[in-house]
Amino acid sequence: MMLTDLTIAGMKRGLAARDFSATELATAHLSAMEQARGLNAFIVETPEIATAQAAAADAALARGNAGPLAGIPIGIKDLFCTESVQTTAGSKILQGFIPQYESTVSGKLLGAGAVMLGKLNMDEFAMGSSNETSAYGRVISPWKARNSNRELVPGGSSGGSAAAVAARLVAGATGTDTGGSIRQPASFVGISGIKPTYGRCSRWGVVAFASSLDQAGPMARSVEDCALLLTSMCGYDARDSTSLDVPVPDFAAGLTGDLRGKTIGVPKEYRLDGMDATIAALWEQGLAWLRDAGARTVEVSLPHTRYALPAYYIIAPAEASSNLARYDGVRYGLRVTPPGGNLADMYSATRAAGFGPEVKRRIMIGTYVLSAGFYDAYYTQAQRVRTLIARDFELAFEKCDLLLTPTAPSAAFAFGDKADPLAMYLNDVFTVPSSLAGLPAMSVPAGLSPDGLPLGLQIIGRPLDEAGVLDAGLAIERAAGFTARP
Amino acid sequence: MSVTPETVLKIARLARIGIADSEVAPLAAELSTILGWIEQLGEVDTQGVAPMTAVIPNHLAWRADVVTDGGVQAKVLANAPDATSGFFAVPKVIE
Amino acid sequence: MTATPWTVKGATGDWEIVVGLEVHAQVTANSKLFSGAATTFGAEPNSQVSLVDAAMPGMLPVLNGECVRQAVRTGLALGAHIHKWSRFDRKNYFYADLPQGYQISQLYHPIVGEGELPIETEAGEKAVIGIERIHLEQDAGKSVHDLHPTMSYVDLNRSGCALMEIVSKPDIRSPAQAGAYVAALRQLLRYVGSCDGNMDEGSMRADVNVSVRRPGAEFGTRTETKNVNSVRFIMATVEIEAKRQVEVIEAGGTIVQETRLFDPSSFTTRSMRSKEDAHDYRYFPDPDLLPVEFDDAFVADCLASLPELPLAKRARYETALGLTPYLANVLMAEKETAAYFETLLAACATAQGRPEADVARAAANWVSGDLFGALKRLGKPIEASPISPQAGAELLTLSADGTLSGPLAKQVFEAMLETGEGAAAIVEARGLKQVSDTGAIDAAIAAIFAANADKLAQYKAGKEALFGFFVGQTMKAMAGKANPAVVNDRLKAMLAG
Ligand SMILES: [Mg+2]
Ligand SMILES: [Zn+2]
């Protein structure tokens, strides 16, 4: 077995047993990374940092004081600010930006001994579901449909993370999820990814897209690996006012996959008209697997589901329009000053040149919905609907412990297939409601489309019940026996 | 909802995003479609429903009033496109 | 006293003015509203800036609890409604010294609601000005425009400092009232300790909203003159802007709602709007923060922490201490003076074994007379007085017990200023004790009579004006230390004898 095929859990065992060193692990992954440059998964590769961190991990392992992730090669989504390493959020406006600080989450992972191989490509400012909006070129999925040579999207916005994990360039990666940006790409490339409860992972040092929705989480090739990474990523951070001051369990140690006594809800509103038959069947199959693991399944109702996407496309752009105001060419990043131009000219020219079309579109929508006369009709109404959506979940969770749904309405598509923004937005139909409610949710690979492309199932839990979500994920992982690889 | 070219220009100016004349019409059409779709939210009866303030119930923690930061001028200016004598420099502002 | 309303005498008749003030007061705190950077004035550019204040990507605000406390204390001092649930909103606009592209402020749910502030103008006209609200918000940075021909320079040291925006109701009707309002507010904030009131350093500045109308008519359109930073300038702005508006209206023009700037060099206001760019701040709740919540116990603690406030202090000085309204006002005007006076008073009462009310007059006179005079000469504030309240009490006690005459006390006071030594020590070392011993005084008088037999004869012949001559000679002979009352008594007796 190649070192790059190991799971994180497997690497931990091998490192502990001295079967191989962290340096050997890093070397194997660095060379895989080099060979897979065609995927464009990385914006910046950091082999020197990786080599040094691997050596440090080896020394710590030898001393016996290694952190829980010592020597594990990971990639960091370029939305996380990394000290002394360029961070762009996939945008031209941040080209060359070298943070003088380390985000809390990436700092925790590196503090646990993880080895950073580089910064992963993504949709610009995490706005996208296909990785086509990155200013640093699109990320190509390592997957191909059967009998087709068309290049496929890896999903988004954590598309670089998804592609790198699936292609075995890294053992795990950080993602961020605002409306599905961990779960949808995980589903598209056949890996696992969990968005924890809003507030579990600190947002400090993560370039903001939509503050009330953004949440970091891990992406990896097994549920256990997600649990291992998640334990290190979570935790209260006094620098983030929305951080939750609650204990972090050892998610991996608590994993059982045992669902006896659990009730799984099936939200009837997720059975969309014209739903893909394979996905509908897979969903049924997933419910059967969970019953096999001891769970009971019931139908539940989330009546405001159909309003989740429009509410999301008010709230997220509104917050983004304000969050992205700081990219003005004054203190960092791109500056474009037209000859003889004043400050206002500089702002307009800088932002026109620095932002891509999707980011501009969302800033425009956000600016519009917050502007005088529209605020209540759009933004306040959306936040009221959001309350109703959260209440739907609360009521559903009176009848069940977890929800099972498909992750995405389709398998990965080819570049350019969803040129219409609205069609692209509809990709997030299953992931957005739980984002609006701040709930933990994960995608686990469950099967293949008729074309041989991965399809994921989504598990949604009560606030702070990541453990329950991971257990159900493990039950599906065991039952599905998903071994397909790109 | 139909977004006029004037509205596009107004929004672009508020957002400080320069747009070329050729971009105005397509943007107007695109925004009209998206906003039209968003408007279905108006159907929801939200009477008596409070807008969400905290996604997960949480309490705002207060910091103690101590100086724990600052004194990092070099870090603050490290990425500046134009820094002079400890200041950020920008094209002249006329009040 | 009800004065006739202040009006602008226009060509077409009288105009009444309606004024409301938005005072921005920097909250006294060590660190900024949402970051741990220092707030001290006058540091190197961008040296008191955290990565949060510079709005680096991914940086987040964390609320300084002290600023909440100070806002609540201020609200309580104004008798205002305290909102136990408030919230921060973002006010979105682009400016070079606004790094986030928005100011974190409170539009929809301010921390303090309605209250009021009683004022008294210098002419003695009293009024009560309503307070609309107080909200907390971030200050912006500073742009410097005159260091380079084509560039402006931005210093973010002030960016993120906490401000209380104290919004009055449109209750102000004259420049004098505007001045009195700001002075009273400044005094109150300084008493509460929530703002140092240092207008020179920009710790307090006002947006002045002015409109004019025919007496009793509907409100006219108002203009807002931004960031006026002294009481004198605020009064001037009200007057200048009112007159300008009347002129515009009487010339057939209309007032446009706009922001203006006061120019202290020409005493004029001018429109700030460089081009027609309607403001649309797109306020919405800051998603990086949660609502600000506290309970009754917190409010009670804030209330308990308030010192005696100006109005109460002034009343007590007059009624309990028996000071004249003038002296009471002089002594409580600045909280540092009041603090000095009260320490002095307590020390005098203790040293002399008398109630404070009995020693207050002498103490008040000394502070407002000798001490103020000396401090003025030295250019020192009372906190830096070379004579401590305890030292002052020692001096006043020596006067009270007859050890020092008035002139001697002044002599000792000057010596204290010079040497920093205590009054008793100076009296001892220089032998400045007043002599009331009749033996010594009688001897001195006898010697003077002997040396001035002619004058004595003239006196006895009826030239009584010579009495003063003998007093002077006696005092001179006693080197100024003789008790003047005793000298008087003895002279009368011996001249009669
Ligand atoms: Mg104002
Ligand atoms: Zn303000």
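By convention here, each chain's residues receive numbers from 1 onward along its written sequence. Chains carry letters from A onward and ligands carry numbers from 1 onward, assigned in written order. At least 70 in pLDDT is required for a residue's local features to be given in this predicted model, at least 80 for side-chain atom pairs to be given and counted, and no such filter applies to totals for whole chains, interfaces and linings, which use all residues. To obtain the side-chain values, all non-hydrogen atoms of the structure were included, while hydrogens and water were left out.

1. Some thoughts on the overall build of chain B
When helices and strands are counted, chain B shows three helices and two strands. Secondary structure elements are defined from DSSP: runs of H or I of at least 4 residues count as helices, runs of E of at least 2 residues count as strands, and each element is numbered from the N terminus. Reading chain B from its N terminus to its C terminus gives the helix and strand order α-α-α-β-β. Throughout, radius of gyration means the C-alpha value; the globule benchmark is 2.2 Å times the number of residues raised to the power 0.38. Radius of gyration (C-alpha) of chain B: 22 Å, far over the 12 Å computed for a compact globule of 95 residues. The principal-axis extents of the C-alpha atoms in chain B amount to approximately 50 × 45 × 25 Å. For every residue, the accessible area (1.4 Å probe, protein chains only) is compared with the maximum for its type, and the residue is labelled buried under 20%, exposed over 50%, or partly exposed between those bounds. Residues counted as buried form 43% of the 95 residues belonging to chain B. The contact criterion used throughout is that any non-hydrogen atoms of two residues lie within 4.5 Å. Of the contacts formed within chain B by residues at least 6 apart in sequence, a portion of 32% connects residues at least 24 apart. Note on areas: Shrake-Rupley, 1.4 Å probe, and residue coverage restricted to the protein chains presented here. Looking at chain B as shown, the accessible area adds up to about 4,700 Å², and 55% of this sits on carbon and sulfur atoms. By the counting scheme adopted, Arg and Lys are positive, Glu and Asp are negative, and His together with the chain ends is not counted. Charged side chains are reduced to one point each, which is NZ for Lys, CZ for Arg, CG for Asp and CD for Glu. Across chain B, the 6 positively charged side chains and the 11 negatively charged ones have centroids separated by 12 Å.

2. A closer look at the coordination of the zinc ion (ligand 2)
Residues and elements named next belong to chain C. For the zinc ion (ligand 2), every protein donor is listed as His24 (NE2), Glu137 (OE) and Glu165 (OE), and the spread of their distances is 1.9 to 2.1 Å. Only nitrogen, oxygen and sulfur atoms qualify as donors, and only when within 2.8 Å of the metal (3.2 Å in the case of Na, K and Ca); with water excluded, sites may look incomplete. Within one chain, the residues serving as donors to the zinc ion (ligand 2) are arranged as H-x112-E-x27-E. A separation of 5.2 Å is found between the zinc ion (ligand 2) and the magnesium ion (ligand 1). With Glu137 in strand β7 (residues 126–138) and Glu165 in strand β10 (residues 162–168), this residue pair connects regions lying 28 residues apart in the sequence. Accessibility assignment for this pair places Glu137 and Glu165 in one class, buried.

3. Notes on the domain arrangement of chain C
Domain parsing of chain C yields domain 1 (7–302), domain 2 (308–430) and domain 3 (438–496). An automatic or database domain assignment is the source of the domain bounds shown. Here domain 1 of chain C and domain 3 of chain C have C-alpha centroids that lie 69 Å from each other.

4. What about the coordination of the magnesium ion (ligand 1)?
Tetrahedral coordination by four donors places them ideally at 109.5 degrees to one another around the metal; octahedral coordination by six donors ideally gives 90 or 180 degrees. Ligation of the magnesium ion (ligand 1) by protein atoms is provided by Glu22(C) (OE), Asp207(C) (OD) and Glu224(C) (OE), these donors lying 2.0 to 2.4 Å from the ion. Binding-site remark: the magnesium ion (ligand 1) is held by donors from one chain whose sequence spacing is E-x184-D-x16-E.

5. So, empty space enclosed by the protein
Note on definitions: the grid is 1 Å and covers protein atoms alone; a cavity is a set of points where a 1.4 Å probe fits but cannot get out; a pocket is an open set with protein on both sides within 12 Å along at least five of seven lines; lining residues have an atom within 4 Å of a point. Grid points are joined across faces, edges and corners, and a volume is the space filled by probe spheres set on the points. Throughout the structure, instances matching the rule amount to seven cavities of 30 Å³ or more. Computed from the structure, the largest cavity encloses a volume of approximately 230 Å³. Taken together, 23 residues make up the lining of the largest cavity; nearest its centre are Ser212(A), Thr53(B), Ala54(B), Pro287(C) and Leu289(C). Counted by class, the lining of the largest cavity contains 13 nonpolar, six polar and four charged residues. Its volume calculated, the second largest cavity comes out at about 80 Å³. What lines the second largest cavity is a set of 13 residues, among which Asp53(C), Gln100(C), Gln138(C), Ser159(C) and Gly160(C) lie closest to the centre. By residue class, the composition of the lining of the second largest cavity is six nonpolar, five polar and two charged. Put simply, Ala, Val, Leu, Ile, Met, Phe, Trp, Tyr, Cys and Pro go in the nonpolar bin, Asp, Glu, Lys and Arg in the charged bin, and everything else, Gly too, in the polar bin.

6. Considerations on the environment of Gly468(A)
All names here are of chain A. Residue position: Gly468 is located in helix α15 (residues 466–480). You can call Gly468 buried: its relative accessible area is 2%. As a C-alpha pair, Gly468 and Gly254 span 214 residues in sequence and 9.6 Å in three-dimensional space. Apart from the residues within four sequence positions on either side, Gly468 is in contact with Lys262 and Leu402.

7. Quick look at the interface of chain A and chain B
If you look at the interface, chain A gives 65 residues, while chain B gives 49 residues. Here the quantity called buried area is the total loss of accessible area, with a 1.4 Å probe, experienced by two parts when brought into contact, counted for both. Overall, the association of chain A and chain B removes approximately 4,800 Å² of surface from exposure, summing both partners, and the carbon and sulfur fraction of that is 71%. Salt bridges, as used here, are contacts in which a Lys or Arg side-chain nitrogen is within 4 Å of a carboxyl oxygen on Asp or Glu. Here chain A is connected to chain B by two salt bridges. Across the salt bridge formed by Glu30(B) and Arg361(A), the nearest N and O atoms sit 2.5 Å from each other. For the side of chain A that touches chain B, the secondary-structure elements that each account for two or more residues are α9 (308–323), α10 (343–354), α11 (357–370), α12 (375–396) and α13 (421–425) of chain A. At eleven residues, α12(A) tops the list of elements feeding residues into the side of chain A that touches chain B.

8. Observations regarding the pattern of salt bridges
When charged atoms on two side chains of opposite charge get close, those side chains can pair. Enumeration over the complete set of coordinates arrives at 49 salt bridges over all chains. One salt bridge in this structure joins Asp177(A) and Arg183(A), with 2.9 Å as the shortest N-O distance. Residue classification places Asp177(A) among the buried positions, given a relative accessible area of 0%. A salt bridge links Glu318(C) to Arg314(C); its shortest N-O distance comes to 3.9 Å. With Glu318(C) and Arg314(C) both in helix α5 (residues 310–319) and four residues apart, the pair spans about one turn of that helix. A relative accessible area of 29% places Glu318(C) in the partly exposed class. Each of Arg203(A), Asp240(A), Arg90(C), Asp286(C) and Asp288(C) takes part in salt bridges that share partners, so that together they form one network.

9. So, the sheet that holds strand β4 (residues 89–92) of chain C
Residues and elements named next belong to chain C. Following DSSP output, two strands are said to pair if at least two bridges run between them. If you walk across this open sheet you meet the three strands as β5-β4-β15, and the pairing is antiparallel. The open sheet has two free edges, formed respectively by β5 (102–105) and β15 (284–285), since each of these has just one partner strand. Pairing between β4 and β15: two bridges, direction antiparallel. Paired with Asp89 across the strands is Pro285, a residue of β15.

10. Topic: the sheet that holds strand β1 (residues 83–84) of chain B
Across the sheet, four strands lie side by side as β1(B)-β2(B)-β9(C)-β8(C); this open sheet has antiparallel pairing. If you trace the sheet from one side to the other, it starts and ends with β1 of chain B together with β8 (142–144) of chain C, each paired once. Note: strand β2 (residues 87–91) of chain B against strand β9 (residues 151–155) of chain C, four bridges, orientation antiparallel. Across the sheet, the residue bridging to Phe88(B) is Val154(C), located in β9(C).

11. Digging into the interface of chain C and chain A
Facing 31 residues of chain C, the contacting portion of chain A comprises 39 residues. Counting across the interface, chain C meets chain A through one salt bridge. The shortest N-O distance in the salt bridge between Asp288(C) and Arg203(A) comes to 3.0 Å. Side-chain atoms alone can form a polar contact between residues adjacent in sequence; in general such a contact is a pair of N or O atoms within 3.5 Å, and within protein one must be able to donate a hydrogen while the other accepts it. Inspection of the chain C/chain A interface yields 17 residue pairs in polar contact (both at pLDDT 80 or more). Classifying every residue of the side of chain C that touches chain A gives 23 nonpolar, four polar and four charged.

12. Considering the side chain of Ser232(A)
All names here are of chain A. In this fold, Ser232 is placed in helix α7 (residues 223–233). Classification of Ser232 by relative accessible area gives buried; the value is 13%. Apart from the residues lying within four places of it in its own chain, the contact partners of Ser232 are Pro68, Leu69, Lys108, Leu109 and Ala112.

13. A look at the nonpolar core
Residue types Ala, Val, Leu, Ile, Met, Phe, Trp, Tyr and Cys, when buried and joined through side-chain atoms within 4.5 Å, form a set referred to as a nonpolar core. One finds Phe125(A), Phe393(A) and Leu470(A) to be the most contacted residues of the largest nonpolar core, which totals 220 residues. Other than its neighbours up to four places away in sequence, Leu470(A) contacts Ile194(A), Val223(A), Cys226(A), Ala227(A), Leu230(A), Phe251(A), Leu255(A) and Met442(A). Formed by 71 residues, the second largest nonpolar core is a distinct cluster that contains Leu63(C), Ala71(C), Ile82(C) and Phe88(C).

14. Remarks on the confidence of the model for chain C
Every residue carries a pLDDT, the predictor's confidence in it, which falls somewhere between 0 and 100. Mean pLDDT over chain C: 94, with 98% of residues reaching 70 or higher. At the level of chain-chain contacts, confidence expressed as ipTM amounts to 0.97, with global pTM at 0.93.

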